[in-house]
Amino acid sequence: MKITAREVDGVTILDLVGPLVLGDGTVALRDQIRALLGKGQNSILLNLKGVPYIDSCGIGELVTSFTSVRNRRGELKLVNLEKKVHGVLQITKLHTVFEVYEDEAAAMRGFKKTQVRAQ
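Note that this is a predicted model, so its numbers are computed, not measured.

Scoring rules and cut-offs
- Along every chain, residues carry numbers that run from 1 in the direction the sequence is written.
- It should be noted that, the model being predicted, local features are given only for residues of pLDDT at least 70 and side-chain atom pairs only at 80 or more, the latter also being counted only at that level, while totals for whole chains, interfaces and linings use all residues.
- For side-chain calculations, the full set of non-hydrogen atoms in the structure is used, while hydrogens and water are omitted.
- Numbering goes from the N terminus for both helices and strands, where a helix is a DSSP run of H or I of at least four residues and a strand is a run of E of at least two.
- The globule rule used here is 2.2 Å times the number of residues to the 0.38 power, and the radius of gyration it is set against is calculated over C-alpha atoms.
- Exposure classes here rest on a 1.4 Å probe applied to the protein chains alone. A residue is buried below 20% of its type maximum, exposed above 50%, and partly exposed in between.
- Counted as positive: Lys and Arg. Counted as negative: Asp and Glu. His and the chain ends are not counted at all.
- Charged groups are reduced to one reference atom each: NZ for lysine, CZ for arginine, CG for aspartic acid, CD for glutamic acid.
- Contacts are residue-level and defined by heavy atoms, with any inter-residue pair within 4.5 Å sufficient.
- Residues enter a nonpolar core if they are buried and are Ala, Val, Leu, Ile, Met, Phe, Trp, Tyr or Cys, with the set joined through side-chain atoms within 4.5 Å.
- Each Phe, Tyr or Trp ring (for Trp, its six-membered ring) is paired with any other whose centre lies within 6.5 Å, and the angle between the two planes then decides the class: stacked below 30 degrees, edge-to-face above 60, tilted in between.

Some words on the overall build of the chain
Stage number 1. Across its full length, the chain carries four helices and five strands.
Stage number 2. Counting helices and strands in the order they occur from the N terminus, the chain gives β-β-α-β-α-β-α-β-α.
Stage number 3. Radius of gyration (C-alpha) of the chain: 13 Å, near the 14 Å computed for a compact globule of 119 residues.
Stage number 4. Reported as C-alpha extents along the three principal axes, the dimensions of the chain are approximately 40 × 25 × 20 Å.
Stage number 5. Within the chain, the fraction of its 119 residues that count as buried is 42%.
Stage number 6. Charged side chains in the chain number 17 positive and 13 negative. The centres of these two groups are separated by 4 Å.

Description of the environment of M108
Stage number 1. Counting through the fold element by element, M108 comes out in helix α4 (residues 104-118).
Stage number 2. C-alpha of M108 to C-alpha of V11: the two residues are 97 residues apart in sequence and 7.9 Å apart in space.
Stage number 3. Filtering out sequence-adjacent residues up to four positions away, M108 remains in contact with V8, D9, V11, I13 and L45.

What to know about the nonpolar core
Stage number 1. Core analysis: the largest hydrophobic core is formed by 24 residues, its most contacted members being L14, L29, L46, L76 and L78.
Stage number 2. At the level of secondary structure, the elements contributing two or more residues to this core comprise β2 (11-17), α1 (24-38), β3 (43-50), α2 (56-71), β4 (75-79) and α3 (83-91).

As for the packing of aromatic side chains
The relative placement of two aromatic rings is captured by the distance of their centres and the angle of their planes.
Stage number 1. Counted by the stated rule, this structure contains one aromatic pair.
Stage number 2. Taken together, a centroid distance of 5.1 Å and an interplanar angle of 70 degrees make the contact between F66 and F98 edge-to-face. Here the residue F66 occupies a position in helix α2, and F98 occupies one in the loop between α3 and β5 (99-101), the gap between them amounting to 32 residues.
Stage number 3. Judged by relative accessible area, F66 falls into the buried class, the value being 11%.
Stage number 4. A relative accessible area of 4% means that F98 is categorised as buried.

Now the structure itself:
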């Protein structure tokens, strides 16, 4: 799993490439989320466009990351889900937990709405 971080309007976007599965994929995501939270960056968008497959450990890591970010009063949202990954989220009913967006612009608007409500 390759993860590239970039920041747009106070939101850290993590571009993930490769399967999110037990081993390197889940460890890389966990380490990246911990590092961001350690720096006080708690508005995180996971771009899953490059993730063709996710296994149960990958799902577990998404949930763990979501919980960690929420515990820091932050937000973790998902964007650009491949068909198989979207299907897994639907089967597990996690699409009701995560905010999932079709494109990055819509996701960024979602962060702005939350920031306005918080003020």
